[in-house]
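Per-entry structural report
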Amino acid sequence: MNKTETIHQITFSPTGGTRRVSELLCKAMEAESNIIELCTKQENLSYPQVSADDLVIISMPVYAGRVPALAVERLKGIKANGAKCVIVAVYGNRAYEDALVEMQDVCTEMGFRVIAAVAAIAEHSICRMYGAGRPDTEDAKELASFGAAIIGKAKKELPFEPLVLPGNRPYKQGCVGPYTVAGDLCTECGICASECPTGAISLDNPKGNNHELCIGCMRCVKVCPAQTRGIGERLNMLVAHLKPLCSERKNNELFI
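Heads up: these notes are all about the structure in this document. (Residues numbered from 1 in each chain as written. Predicted model: local features only at pLDDT ≥ 70, side-chain atom pairs only at ≥ 80, totals over all residues. Heavy atoms only, no water.)

Some points on the pattern of salt bridges
One pass over the structure, following the stated rule, counts 11 salt bridges. Note that R249 and D136 form a salt bridge whose closest N and O atoms lie 2.9 Å from each other. One end of the pair, R249, is in the loop between helix 7 (234-246) and strand 8 (253-255); the other, D136, is in the loop between strand 5 (113-121) and helix 4 (137-154), and 113 residues separate them in sequence. The closest approach of N and O atoms between R249 and E138, which form a salt bridge, is 3.8 Å. Here the residue R249 occupies a position in the loop between helix 7 and strand 8, and E138 occupies one in helix 4, the gap between them amounting to 111 residues. By relative accessible area, R249 is classed as partly exposed at 37%. Judged by relative accessible area, E138 falls into the exposed class, the value being 54%. (Salt bridge = Lys/Arg side-chain N within 4 Å of Asp/Glu carboxyl O. Helix = DSSP H or I, 4+ residues; strand = E, 2+ residues; numbered from the N terminus. Buried < 20%, exposed > 50% of the residue type's maximum accessible area, 1.4 Å probe, protein only.)

Here you go:
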């Protein structure tokens, strides 16, 4: 990449894991880089000016084998201008199922040239014992090597063949929730309301949750200073359900 080219990191990262993966992936890429976070309040959204010579790294979390509809909706506010693109699906050590092919379709339809894809693991956003501490030191080294391989491909001025990625079309059915609730120790400080990307939590009633707006992203749980917000009794059931699916360490994958 020459000096005029820029790397745009576009992330939707409610609990921080997806953004961390993106940063580690880009660490070995010797080019100017900026980060745009789509998981924010609508009024705070900003979009980069993408040129055809730029490289765009688009990273999204996986929810039940799909990417969040809100993340896709907000991503579509960016003008691709034919730029090269890397798609990154970040999941909580269970499975990414149709997330990569969904991202590939969306980005291609937007006008991006998808030259590489990554499936990476971060700490599960709800059951945090699964994938705990990931991406870890081993992941950091591997993601850096992925980044080096990707930038090597990006430098080549050759036609890119469409990637063949794991996943199904049509995609699996998406899901909603689980919805968060405030515990007895809630101080009504309002931080969850100020950080909620959809406005599902009101400053007037921070203990509540508008299920029509909530996407179950767990940002409110992550930012709660009293650590009192969660999904209640459903957590134990979900932990037990996921145990046989999430206990074994999954590997990061690069498709290039």
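Considerations on the layout of surface pockets
When its volume is computed, the largest pocket comes out at roughly 930 Å³. Lining the largest pocket are 42 residues, with V62, Y63, A64, C175 and G177 sitting closest to its centre. Those elements giving two or more residues to the lining of the largest pocket turn out to be helix 1 (17-26), helix 2 (69-75), strand 4 (84-91) and helix 7. In the lining of the largest pocket, the residues fall into 23 nonpolar, 13 polar and six charged. Here the second largest pocket defines a volume of roughly 180 Å³. By residue class, the composition of the lining of the second largest pocket is five nonpolar, four polar and two charged. (1 Å grid on protein atoms, 1.4 Å probe; cavity = no way out; pocket = protein on both sides within 12 Å on 5 of 7 lines; lining within 4 Å. Points joined across faces, edges and corners; volume = space filled by probe spheres on them. Nonpolar A, V, L, I, M, F, W, Y, C, P; charged D, E, K, R; others polar.)

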